[in-house]
Amino acid sequence: MDLACTEEEESFRAALREWLGRTLPKLPPKPDPGDWPGRRAYDLGWQKTLYDAGYGQLHWEASPTQRLIFLEETELAGAPYVGANFVGLLHAGPTVAAEGTPEQRARWLPPILRGDEVWCQGFSEPDAGSDLASLRTRAVRDGDSYVVSGAKIWTSHAEVADWCELLVRTDPDAPRHRGITWLAMPMDAPGVTVRPLRTLAGSAEFAEVFLDEVRVPVANRVGAENDGWRVTMVTLSFERGAAFAGEVVACRRTLAELARAARRSGSWDDTALRRRLGRLNAEFTALWRLIQWNVSESQRGGGVPGVGGSVFKLRYSHARQELYEASAEVLGPDALDLSCPWTLDRLSSLSYTIAAGTSQIQQNIVAERILGLPKGR
């Protein structure tokens, strides 16, 4: 394992940093957080800017190390996050790149990279969250189409999405993990109903999606019929891999801001708080090194992240929650003010031990696939 960047990679970093310095001051103001059509336009506009400058293709046409440098530098510079397009850029797109046919890659990847289309994820169901293999949404083959009926929940950005990476059950008689298929469903297809969900923080980036005999072309199937669980593991490996790299950089920046705020407020005199912030600094430094290690392993494994992503996801989820609990100590009574960004981040951090696979699921993966322990009964 080599965590050092090559001369070529450092040259790439310098050019990217210089371009960001010239480009970011020219961006338009960010839209209101609740204006999802506006946020879609803003996020896709940023992706178009990246694409026109030659950086939009980095997600699949560059080495994992270059992608990591890109995520690190854009976050350090305060560039816009992928936002409404995160499923397409970080989950569905890499899955299609790894598992799709040449025709599928030609159809779906360029619009994602150009900032033309948004994807959402249709995995979880009301009765199939952590136990994803118990999903019930049915897809029945009818000629050149699947007829899909069921319901999905916690579907991020469904109300502004063009496509959905959708898991369906195509063989109800097969063992749970073997009767699942991965489909790309157009969100404007007849029979698709989207109902936004409001979170504790007041945002509405999630939705319920109801499917009533929706016809999805067989040509939109990624992988073989009933092989969707394996394809899903590829999707989740990207979701739990370097996709969180930018967030780790953001957490390290937040930690530095917390330390400065503690000095201004006088809470820095609390030795327990200083000790807590110091330990969190060590945590996020170690997590950044773990990302680099995972990227190094990914390069040797053909570009698809391995189970090391579960180790990272497990620790990162809890470290993020601890970071924003520490922010409440620094803010004091202001920690109850929803207009404070740290307060909103603190509320959203509660979801991290659930989203992208619960901590319990990650512990099982680590136990079985890394430590070689027997499956639980």
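Each remark here, short or long, concerns the structure printed above.
Being a predicted model, the structure only gives us computed values, none of them experimental. (Residues numbered from 1 in each chain as written. Predicted model: local features only at pLDDT ≥ 70, side-chain atom pairs only at ≥ 80, totals over all residues. Heavy atoms only, no water.)

A. Representation of the packing of aromatic side chains. Under the defined criterion, the tally for this structure stands at eight aromatic pairs. On the basis of an interplanar angle of 65° and a centroid distance of 6.2 Å, the ring pair of Phe 12 and Tyr 55 is categorised as edge-to-face. Here Tyr 55 lies in the loop between α2 (36-52) and α3 (58-61) and Phe 12 lies in helix α1 (residues 7-23), a separation of 43 residues in the sequence. Taken together, the ring pairs connect Phe 12, Trp 19, Trp 46 and Tyr 55 into an aromatic cluster. Note that Arg 39 overlies the ring of Trp 36, its terminal NZ or CZ placed 3.9 Å from the centroid. Above the face of the Tyr 146 ring, Arg 141 is positioned so that its terminal group lies 5.8 Å from the ring centre. (Phe/Tyr/Trp six-rings, centres within 6.5 Å; stacked < 30°, edge-to-face > 60°. Helix = DSSP H or I, 4+ residues; strand = E, 2+ residues; numbered from the N terminus. Lys NZ or Arg CZ within 6 Å of the ring centre and 35° of its normal.)

B. Structural detail: unusual backbone geometry. With a phi close to 60°, Trp 154 is a non-glycine residue in the positive phi region. Note that Trp 154 resides in the loop between β3 (145-152) and β4 (163-169). At His 157, a residue that is not glycine, the phi angle is positive and equals roughly 60°. Counting through the fold element by element, His 157 comes out in the loop between β3 and β4. Overall, His 157 belongs to the buried group, its relative accessible area being 6%. (Buried < 20%, exposed > 50% of the residue type's maximum accessible area, 1.4 Å probe, protein only.)

C. A look at the pattern of salt bridges. All told, the structure shown has 23 salt bridges when counted by the stated rule. Between Asp 162 and Arg 40 there is a salt bridge, with the nearest N and O atoms lying 3.1 Å from each other. With Asp 162 in the loop between β3 and β4 and Arg 40 in helix α2, the pair connects residues that are 122 residues apart, well separated along the chain. Put simply, Glu 10, Arg 13, Arg 17, Glu 72 and Glu 73 are held in one network by salt bridges that share partners. (Salt bridge = Lys/Arg side-chain N within 4 Å of Asp/Glu carboxyl O.)

As far as function goes, none of this settles anything; it's purely spatial.
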